[in-house]
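One-letter residues, chain by chain:
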Amino acid sequence: MDLLTSLRMSWRALADHKLRSVLTTLGIVIGVGAIIALVSVSAGLQADVVQTLAGENTNLVYVSATSGDGESIPTIDRGAAVFTEHDVAMLRRVDGVAAIIPQSGIATSTVRYRNDSVGRQWITVTTPDHFDARGLAIVEGRTFVSGRHEVVINERAQEMFATNVSVGENLTIVRGATGQPINATVVGIVEGEEQEGPSIVSRANQPSIYAPPDPFYQRTVVSPTTETIQRVYPQLVIVADGAASVESVKGRSQTLLAEESDARILKSREYRFEVTTYDELVEQIDQITNTFTAYIVGIAVISLVVGAIGIANIMLANVAERRREIGIMRAIGGQNRDILQLFVNEAVLLGVIGAALGAVLGVVGGFVAAELIGLPHVVDLWWLAVAIGVGITVGVVSG
């Protein structure tokens, strides 16, 4: 029997039992669709985290002191606050360093504007270099000046009150720990695609308020080196003068931190310095997202197994119901391979149709999920091909 005739007969057999064929194919559709959709969400999450943490800059080096295993992702206000202004000045003198950005934050109970207020905002304490390092452009006004009660907000923060905030307007920031109100003037609006807070892996495009350490940040210690009271930070971001300088800057910074910094004395014994580059950061993100992807793909494969069982079951039912047809085929000269080909073709058709519909469902489902969550939509073509191939293979093996 030629292949075209066999396929035509297989298709007719499936069409004669439409409902049963549709229900059988659903297992493949759901399995393939789930794999593609979940992998798309995972890839979008990875892209979003990389963009949020490091933007498009490859010349950033993150410095913190933690008790972790070194596998976690650097975040704002992560680790012990041990880096003094002496350490900032020391690292600024390292060859290849363009800027040092000390970073921390202030938890507030409320932020008030005119007669409106918003609860529990996070104020990012940083320096003007932060905006260039993150690739955030000032779209209106200017950046803040150290020593003045000035803040910069992003475009989302501009819209979080009943009336939009304009440059030159005043905000009242109420500290969460002490309840102390601070009046601050909004001097600039920055484009709003970054979320700052206790975890920088939070969703992007949220209201953000930026302030200089002086006069907003009050966390201080006595510097062991200078024996003066200085501000102390949980994280420093080193901006190298180019991507080629990153590794040398990392090495020199680690040496200075271990030998001459206040932080080596202020940090607890169980804490250690982590100096992380952009490439290492991306590698850590890859490890985390790959583990997450493998887990959710494993769950989705269960649907394919269910679909395989369904196809195998329908083939057994077909054989039982079509004994007369098989007998007639044998009587007129049909051979075993012809009969086998007929049933395998039916299984392959179910697998192909299920994989194709599942691919469409997965791409659409991934897009909808990404839109709802607010992630970029990324279609991994390799996983798309794998999911379709697995769906077809499931049909063939089951048949």
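For the structure itself, look to the data block above.
Description of the structure in this document. (Residues numbered from 1 in each chain as written. Predicted model: local features only at pLDDT ≥ 70, side-chain atom pairs only at ≥ 80, totals over all residues. Heavy atoms only, no water.)

1. Focus on the nonpolar core
Of all hydrophobic cores here, the largest spans 44 residues; its most connected members are Leu 91, Val 151 and Leu 171. Dropping the residues within four chain positions of it, Leu 171 is found in contact with Val 111, Arg 112, Tyr 113, Val 151, Ile 153, Phe 161, Val 165, Ile 182, Asn 183, Ala 184 and Val 186. Counting residues in hydrophobic clusters, the runner-up holds 17 residues, among them Leu 14, Val 39, Ile 314 and Ala 359. (Core = buried A, V, L, I, M, F, W, Y, C linked by side-chain atoms within 4.5 Å. Buried < 20%, exposed > 50% of the residue type's maximum accessible area, 1.4 Å probe, protein only. Contact = heavy atoms within 4.5 Å.)

2. Observations concerning the pattern of salt bridges
All chains considered together, the criterion is met by six salt bridges. One salt bridge in this structure joins Glu 150 and Arg 142, with 2.8 Å as the shortest N-O distance. The exposure class of Glu 150 is buried, given its relative accessible area of 8%. Assessed through its relative accessible area of 36%, Arg 142 is described here as partly exposed. Three or more residues joined by partner-sharing salt bridges are found here, namely Glu 85, Asp 214 and Arg 231. (Salt bridge = Lys/Arg side-chain N within 4 Å of Asp/Glu carboxyl O.)

3. Observations concerning the packing of helix 10 (residues 323–331) against helix 11 (residues 336–373)
It is the contact of helix 10 with helix 11, at a shortest axis distance of 10 Å, that shows an interaxial angle of 140°. Viewed along their axes, helix 10 and helix 11 form a crossing whose handedness is right-handed. Counted together, Glu 325, Ile 326, Met 329 and Arg 330 of helix 10 and Asn 336, Ile 339, Leu 342 and Phe 343 of helix 11 form the full contact between these two elements. Residue composition of the contact of helix 10 with helix 11, by class: five nonpolar, one polar and two charged. (Axes fitted to C-alpha atoms, helices over the stretch in contact; angles between N-to-C directions. Helix = DSSP H or I, 4+ residues; strand = E, 2+ residues; numbered from the N terminus. Left-handed = near helix turned anticlockwise from the far one by under 90°. Nonpolar A, V, L, I, M, F, W, Y, C, P; charged D, E, K, R; others polar.)

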